[in-house]
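Structural overview
Chain by chain, the residues run as shown.
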Amino acid sequence: MTDDQHAVAPPPWVGRGRERAQPPTLLALRDLVAAGSRVNHVVSRRAGLSETELVTLEHLSREQIGPAEVARRLEVSTAAATGIVDRLVARGHVERRPHELDRRRTELHITDSGRAEIIGHLMPMFGALDRHDATFTEEEKAVVQRYLRGATAAFERVLDD
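Below: a short report on this structure. (Residues numbered from 1 in each chain as written. Predicted model: local features only at pLDDT ≥ 70, side-chain atom pairs only at ≥ 80, totals over all residues. Heavy atoms only, no water.)

1. A word on the overall build of the chain
Counting its secondary structure elements, the chain contains seven helices and two strands. Ordered by position in the sequence, the α and β elements of the chain form the string α-α-α-α-α-β-β-α-α. Here the C-alpha atoms of the chain give a radius of gyration of 19 Å, more than 25% beyond the 15 Å that 2.2 N^0.38 yields for 161 residues. When the backbone C-alpha atoms are referred to their principal axes, the chain occupies close to 55 × 45 × 30 Å. Taking all 161 residues of the chain together, 24% fall into the buried category. Of the accessible surface of the chain, which amounts to about 11500 Å², a share of 56% is contributed by carbon and sulfur atoms. (Helix = DSSP H or I, 4+ residues; strand = E, 2+ residues; numbered from the N terminus. Rg over C-alpha atoms; globule rule 2.2 N^0.38 Å. Buried < 20%, exposed > 50% of the residue type's maximum accessible area, 1.4 Å probe, protein only. Areas by Shrake-Rupley, 256 points an atom, 1.4 Å probe, with all protein chains shown as cover.)

Right, dumping it as structure tokens:
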């Protein structure tokens, strides 16, 4: 444990049997995180992908990265990342392309079928989230965004250790 972890007194709801004494916002956040992890499991099963393959497609839907970056983000060996990428390429969900500036490097690009695989399974959730988001005022959205950004920063404290 780091000194920083010892310096902060735990909240009163951390004790055994006190989990449900958390503020409603933290209970809702826990429920969201639990549902999110179940979504990845169910979608990967329905799509016939491993969870790591699905997470790789999610990363590639946001940006082009190389196989070494896939390994880093998934916290797997480069050999394991190569196997994941090989399976996605074989299914036609990912293409390897030379890096624009450094031809010695390879970038991974999600294909239309890879994008369709993700979106097809997640569209009901995306639609529901969009409709839910539209029920908030801009001021309410700013508060929700501030809360979620702070929660993300709290999660990342565990990742930084």
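Having seen the model, we can carry on.
2. Re the layout of surface pockets
Empty space within the largest pocket amounts to approximately 2400 Å³. Lining the largest pocket are 50 residues, and of these Leu 29, Val 33, Ala 151, Thr 152 and Phe 155 lie nearest its centre. Elements with a minimum of two residues in the lining of the largest pocket: helix 1 (3-7), helix 2 (24-47), helix 3 (51-62), helix 6 (112-133) and helix 7 (138-160). Broken down by element, the residue count for the lining of the largest pocket peaks at 15 residues, all from helix 7. Within the lining of the largest pocket, the residues separate by chemical class into 26 nonpolar, 13 polar and 11 charged. (1 Å grid on protein atoms, 1.4 Å probe; cavity = no way out; pocket = protein on both sides within 12 Å on 5 of 7 lines; lining within 4 Å. Points joined across faces, edges and corners; volume = space filled by probe spheres on them. Nonpolar A, V, L, I, M, F, W, Y, C, P; charged D, E, K, R; others polar.)

3. What about the nonpolar core?
Ranked by size, the top nonpolar core spans 19 residues in total, and within it Leu 57, Leu 60, Val 70, Leu 88, Val 94, Leu 108 and Ile 118 carry the most contacts. Listed by contribution, the elements that provide at least two residues to this core are helix 2, helix 3, helix 4 (67-74), helix 5 (78-90), strand 2 (106-110) and helix 6. (Core = buried A, V, L, I, M, F, W, Y, C linked by side-chain atoms within 4.5 Å.)

4. Section: the environment of Asp 112
Residue position: Asp 112 is located in helix 6. Since its relative accessible area comes to 69%, Asp 112 is described here as exposed. In this structure, the C-alpha to C-alpha distance between Asp 112 and Val 94, residues 18 residues apart in sequence, is 8.8 Å.

Don't take any of this as a statement about function, it's just geometry.
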